[in-house]
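One letter stands for each residue in the lines below.
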Amino acid sequence: MSNAMNFGTKSFKPRAPDKGSFPLDHFGECKAFKERFMKCLRDNSFDNSKCRLQSKDYLECRMDNQLMAKEPLAKLGFKDLMDPPPSQAHRDPKP
């Protein structure tokens, strides 16, 4: 008689999380961006609010090199750092 516990035939199928998991940068394609972001964090006592531009640049590099899924920058919290659309960029402010 076996004392082995059998919980059924269901098998666990691992699945990557929707957010927070992405391929490592094995070829260093975004290493310079990462280093600038990390230096900014160290220089600012790890206050990430002072390094948002570097963070945005790093994430853009990762998206451009297929190291993470493309997401709109506004959805990632960088709406205030985005360039205005070309149609609005060259308009003179009204007096």
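On a predicted model such as this, the values are computed, not experimentally measured, just so you know.

1. A short note on the overall build of the protein
So, point 1. The number of helices and strands found in the protein is three helices and zero strands.
So, point 2. Helices and strands appear in the protein in the N-to-C order α-α-α.
So, point 3. Across the protein, the fraction of contacts at a sequence separation of at least 24, relative to all contacts at a separation of at least 6, is 47%.
So, point 4. Surface exposure of the protein reaches about 8,500 Å², of which carbon and sulfur atoms provide 56%.

2. A word on the environment of N65
So, point 1. Counting through the fold element by element, N65 comes out in the loop between helix 2 (52–64) and helix 3 (86–89).
So, point 2. Classification of N65 as partly exposed rests on a relative accessible area of 26%.
So, point 3. Each C-alpha atom of the pair N65 and C30 lies 8.2 Å from the other, and the pair is 35 residues apart in sequence.
So, point 4. Here the side chain of N65 touches C61 through a polar contact of 2.9 Å, landing on its backbone oxygen.

3. Regarding the UniProt feature "domain: CHCH" (unreviewed entry) in the protein
So, point 1. Under the present numbering, the feature "domain: CHCH" (unreviewed entry) in UniProt falls on residues 30–63.
So, point 2. Counted over residues 30–63, helix gives 74% and strand 0%. Its end C-alpha atoms are 10 Å apart.

4. Observations regarding the pattern of salt bridges
So, point 1. A full pass over the atoms with the stated rule returns seven salt bridges.
So, point 2. The salt bridge partner of D57 is K56, with a shortest N-O separation of 3.8 Å.
So, point 3. By relative accessible area, which is 10% here, K56 ends up buried.
So, point 4. Across the pair D64 and K70 runs a salt bridge whose closest N-O atoms are separated by 3.1 Å.

5. Quick look at the confidence of the model for the protein
Reading predicted coordinates in detail is not appropriate for stretches of low pLDDT.
So, point 1. On average, residues of the protein score 80 in pLDDT, and 64% of them reach the 70 mark or higher.
So, point 2. Of all the helices and strands in the protein, helix 3 carries the lowest mean pLDDT, 54, while helix 1 (residues 31–43) carries the highest, 96.

6. Quick look at the packing of aromatic side chains
So, point 1. For the coordinates displayed, the defined rule picks out zero aromatic pairs.
So, point 2. Taking the ring centre of F33 as reference, the NZ or CZ of R36 above it sits at 4.9 Å.

Cut-offs applied
- Residues numbered from 1 in each chain as written.
- Predicted model: local features only at pLDDT ≥ 70, side-chain atom pairs only at ≥ 80, totals over all residues.
- Heavy atoms only, no water.
- Helix = DSSP H or I, 4+ residues; strand = E, 2+ residues; numbered from the N terminus.
- Contact = heavy atoms within 4.5 Å.
- Areas by Shrake-Rupley, 256 points an atom, 1.4 Å probe, with all protein chains shown as cover.
- Buried < 20%, exposed > 50% of the residue type's maximum accessible area, 1.4 Å probe, protein only.
- Polar contact = N/O pair within 3.5 Å; in protein donor to acceptor, adjacent residues only side chain to side chain.
- UniProt positions renumbered as here; feature names shortened; annotations may be inferred.
- Salt bridge = Lys/Arg side-chain N within 4 Å of Asp/Glu carboxyl O.
- pLDDT = per-residue confidence, 0-100.
- Phe/Tyr/Trp six-rings, centres within 6.5 Å; stacked < 30°, edge-to-face > 60°.
- Lys NZ or Arg CZ within 6 Å of the ring centre and 35° of its normal.

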